[in-house]
Amino acid sequence: MTDQTARATRFRALHDGPEPFLLPNPWDAGTARLLASLGFDALATTSLGVANQAGRTRASRQDVLDNCRVISEATALPVNADLENGFADDPAEAAGMIADACACGVAGVSIEDATGDRRTPIYDFGLAVERVRAAVEVTRGLPVPLVLTARAENLLYDAGGLDDTIRRLQAFEEAGADVLYAPGLRTLDEMKAVVSSVGRPVNVVMGFADPAITLEQLAGIGVRRVSIGGALSRYALGAFLDAATQMRDGRFGFVADVPPMGGLLRAFEPYSTP
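Just so it is clear, the structure is predicted and the values come from calculations on it, not from any experiment. (Residues numbered from 1 in each chain as written. Predicted model: local features only at pLDDT ≥ 70, side-chain atom pairs only at ≥ 80, totals over all residues. Heavy atoms only, no water.)

Novice: Tell me what's going on with a nonpolar patch on the surface, and back it up with residues and numbers.
Specialist: Among the surface-exposed residues, Met247, Phe252, Val255 and Val258 lie close enough to one another that they form a single nonpolar patch of about 410 Å² accessible area. With respect to the helices, strands and loops of the structure, phenylalanine 252 is situated in the loop between helix H10 (231-248) and helix H11 (261-268). (Patch = residues over 30% accessible without salt bridge, like charges linked within 9 Å, V, L, I, M, F, W, Y side chains within 5 Å. Areas by Shrake-Rupley, 256 points an atom, 1.4 Å probe, with all protein chains shown as cover. Salt bridge = Lys/Arg side-chain N within 4 Å of Asp/Glu carboxyl O. Helix = DSSP H or I, 4+ residues; strand = E, 2+ residues; numbered from the N terminus.)

Right, here's the structure in full:
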C-alpha cells in the first residue's frame, strides 16, 4: 500500500466514524502544519484561500493543483482538494482535473456545479449530473481510492431553493458520488432536510451557516463532515488588515495579541531540515 493509498483509505474511514470529523482549510504549508499540530485528522484545500494568497479574486487551474501538492506534502494528513468546477464545462475535461489532483498526492477531491459565469452561475441539472458521472468514472479508474465529493452550489447564487439542492444531491448520489455537499445551508433545519434526504455522508460548511450551531447539534442530525471553506483565510486577512490599519494610524496595541514565537516554532520544528 502506498502512502497516498493509506491516506485515502484513512480519509474514507473518517466518514464512517462515530462522530462527524472536522476538516479545516489551510492555504499554504505553514497553516497546514499549524492545523496538524492542533490534532486535526484531515485537511482540505480552499480555492478562495489560494486566490487570496495570490492577491486575486480567483485561483487558476495550475494555482489549485500546485497548492494541492504543497498542502499534501506539508503533513502526513489526508487532504481533500477543492477543484471548483474542474475549470471546464465539458464533463470529461472537468473530470480530467481529478487525475491531475491525484498526481499531486491528495486523498479526496470535490467538484461543483457552479459554472464560474455570473450570467448563468449554475449548470443545468442534466449537465451537472453528467459531470458527476464523468468524475465518478475517472475517480474509480485511478490507482488511489480517492473520496469524491459532489457539490450543489445553487444556494450560494440564489439559483434555486432547497428543493433543487436536494434534487441535485440525490442525483449526484445516484451517479456514484461518495460524499454530498451543499454550501449555503444556514440553519440546522436546512441541514437536517439535506441529511435525511440522502444516503451518503454529508459535508456541512460552517463558513456560511449560523455560527451558534454546535458540533454536537450537527452530530445529532447525522452530519458526517464539517469544513470551514475560506473562512480561516478571510479571518486571518481580517486580523492582518486590522493590525495594519492600527499601524498606519500610529497605534501598536495589536502587538499585545501576537502569539509567542515559541509556539509557532514548536509546530514547525518536526518538519525542519537539519
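Novice: I'd like to hear about the sheet that holds strand S7 (residues 202-205), residue by residue, with values.
Specialist: Spatially, S1-S8-S7-S6-S5-S4-S3-S2 is the arrangement adopted by the eight strands of the open sheet, whose pairing is parallel. The two strands at the open ends of the sheet, each matched to only one other strand, are strand S1 (21-23) and strand S2 (43-44). Sheet topology places S7 next to strand S8 (residues 225-227); three bridges connect them, and they run parallel. Within the sheet, the bridge partner assigned to asparagine 203 lies in S8 and is arginine 225. Sitting on the sheet, helix H6 (residues 125-140) is in contact with strand S4 (108-112) and strand S5 (147-151), with an inclination near 170° to S5. In the packing of helix H7 (residues 162-175) onto the sheet, the strands contacted are S5 and strand S6 (179-181), and the crossing angle to S6 comes to about 160°. (Pairing = 2+ DSSP bridges. Contact = heavy atoms within 4.5 Å. Axes fitted to C-alpha atoms, helices over the stretch in contact; angles between N-to-C directions.)

Novice: How would you summarise the environment of phenylalanine 240 if you had to cite specific residues and measurements?
Specialist: Tracing the backbone shows phenylalanine 240 in helix H10. With 159 residues separating them along the chain, phenylalanine 240 and alanine 81 place their C-alpha atoms 26 Å apart.

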